[in-house]
Amino acid sequence: MADIQIDTDHRLAAVHRSVEDSDRQGPPYKAVIATEVYPSPVDDVWDALTDADRLARWFLPVTGELRLGGHYQLEGNAGGEVLECEPGERFLVTWVYADQVSWVEVTLTPEGEGTRFRLTHTTHGDNPFWEQFGPGAVGVGWELGLLGLSLHLSSGEAVDREAFAGWEASEAARGFILASASAWGDADAAGGEDPEQARAAAERSGAFFTGEGPGIDDLARGGDGG
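So, a few notes on the structure that sits alongside this text.

Rules behind the numbers
- Residues numbered from 1 in each chain as written.
- Predicted model: local features only at pLDDT ≥ 70, side-chain atom pairs only at ≥ 80, totals over all residues.
- Heavy atoms only, no water.
- Pairing = 2+ DSSP bridges.
- Helix = DSSP H or I, 4+ residues; strand = E, 2+ residues; numbered from the N terminus.
- Axes fitted to C-alpha atoms, helices over the stretch in contact; angles between N-to-C directions.
- Contact = heavy atoms within 4.5 Å.
- Buried < 20%, exposed > 50% of the residue type's maximum accessible area, 1.4 Å probe, protein only.
- Phe/Tyr/Trp six-rings, centres within 6.5 Å; stacked < 30°, edge-to-face > 60°.
- Salt bridge = Lys/Arg side-chain N within 4 Å of Asp/Glu carboxyl O.

**What to know about the sheet that holds strand S7 (residues 100-111)**
Read across the sheet, 8 strands follow the order S1-S2-S8-S7-S6-S5-S4-S3 without closing on themselves; strand pairing throughout is antiparallel. The sheet is open, and its two borders are formed by strand S1 (16-21) and strand S3 (62-64), each paired with just one other strand. If you compare each strand with its neighbour and ignore which way they point, the axes differ by 25° on average. Contacts from helix H5 (residues 136-155) reach S1, strand S2 (29-38), strand S6 (90-97), S7 and strand S8 (114-124) within the one sheet, and its direction differs from that of S2 by about 20°. Sheet strands in contact with helix H7 (residues 171-190) are S1 and S2, and its direction is about 40° off that of S1.

Here it is, written out as structure tokens:
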């Protein structure tokens, strides 16, 4: 098993993060937005995101139908329905995890010879999970997932899951997670959240992803994780 080498400073700088109030109708919603430019062409990035075999190479195995109106289930993670799809350009899916429903939209646009990737994860802004963890709860998770996409696009090969798990247990990964959580806290404050609340939520997100604090299941049970 070869070690995975990740330039964490480069990865942190590659992602643009923002948090906005969503225009979705109903209760208050928050849009957590991650944008990155990949050197690969649009058709290659689209295929990596929507072909079940390729998705399993860098993210998770998926079952179901990855088509408009189809239902999908990621192994050990979220499931949902494909609500909208414009092949090669955009898709919108529901994201159902831990009895919470949110929405994930991905848009791809050409940028030079590469692709501008934009992921928008829209969630309820008035639930206890948002108050506890803020945008980092989904933002940090997506950045870890998109590490796999970057590795896959650059090599064309499947990501070695054992090697990646080894990296996730390293001090370098811990530093990456904490820096990502902090960056999402900054984006939250820039989006209008009280800076102290944004910073506290970012710290809890970092602790959750590094296993050093309470997680979502603890909050759902009303406990403190201790």
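Here the narrative resumes.
**Examining the pairing of strand S4 (residues 71-74)**
On S4, burial follows the alternation: Tyr72 and Leu74 on one face are buried, whereas His71 and Gln73 on the facing-out side are not. Two elements, S3 and S4, share 3 bridges in a ladder whose sense is antiparallel. Paired with valine 62 across the two strands is leucine 74, which belongs to S4. Linking S3 to S4, which pair antiparallel, is a turn of 6 residues; within it glycine 69 sits at a positive phi near 85°. The pairing of S4 with strand S5 (residues 79-86) spans 3 bridges and is antiparallel. Each bridged residue has a counterpart across the sheet, and for glutamine 73 the counterpart in S5 is glycine 79.

**Structural notes on the packing of aromatic side chains**
Throughout the structure, instances matching the rule amount to 10 aromatic pairs. Taking the centre distance of 5.3 Å and the plane angle of 25° together, the rings of tryptophan 58 and phenylalanine 59 count as stacked. You can call tryptophan 58 buried: its relative accessible area is 8%. On the basis of an interplanar angle of 20° and a centroid distance of 5.9 Å, the ring pair of phenylalanine 59 and tryptophan 142 is categorised as stacked. One end of the pair, phenylalanine 59, is in the loop between helix H3 (52-58) and S3; the other, tryptophan 142, is in helix H5, and 83 residues separate them in sequence. Taking the relative accessible area as the measure of exposure, phenylalanine 59 reaches 16% and is therefore buried.

**Thoughts on the pattern of salt bridges**
Under the defined criterion, the tally for this structure stands at 11 salt bridges. The partner of arginine 90 in a salt bridge is glutamate 105, with the nearest N and O atoms 2.5 Å apart. Within this pair, whereas arginine 90 is found in strand S6, its partner glutamate 105 is found in strand S7, the two being separated by 15 residues in sequence. We classify arginine 90 as buried; its relative accessible area is 16%. Residue glutamate 105 is classed as partly exposed on the basis of its relative accessible area, which comes to 23%.

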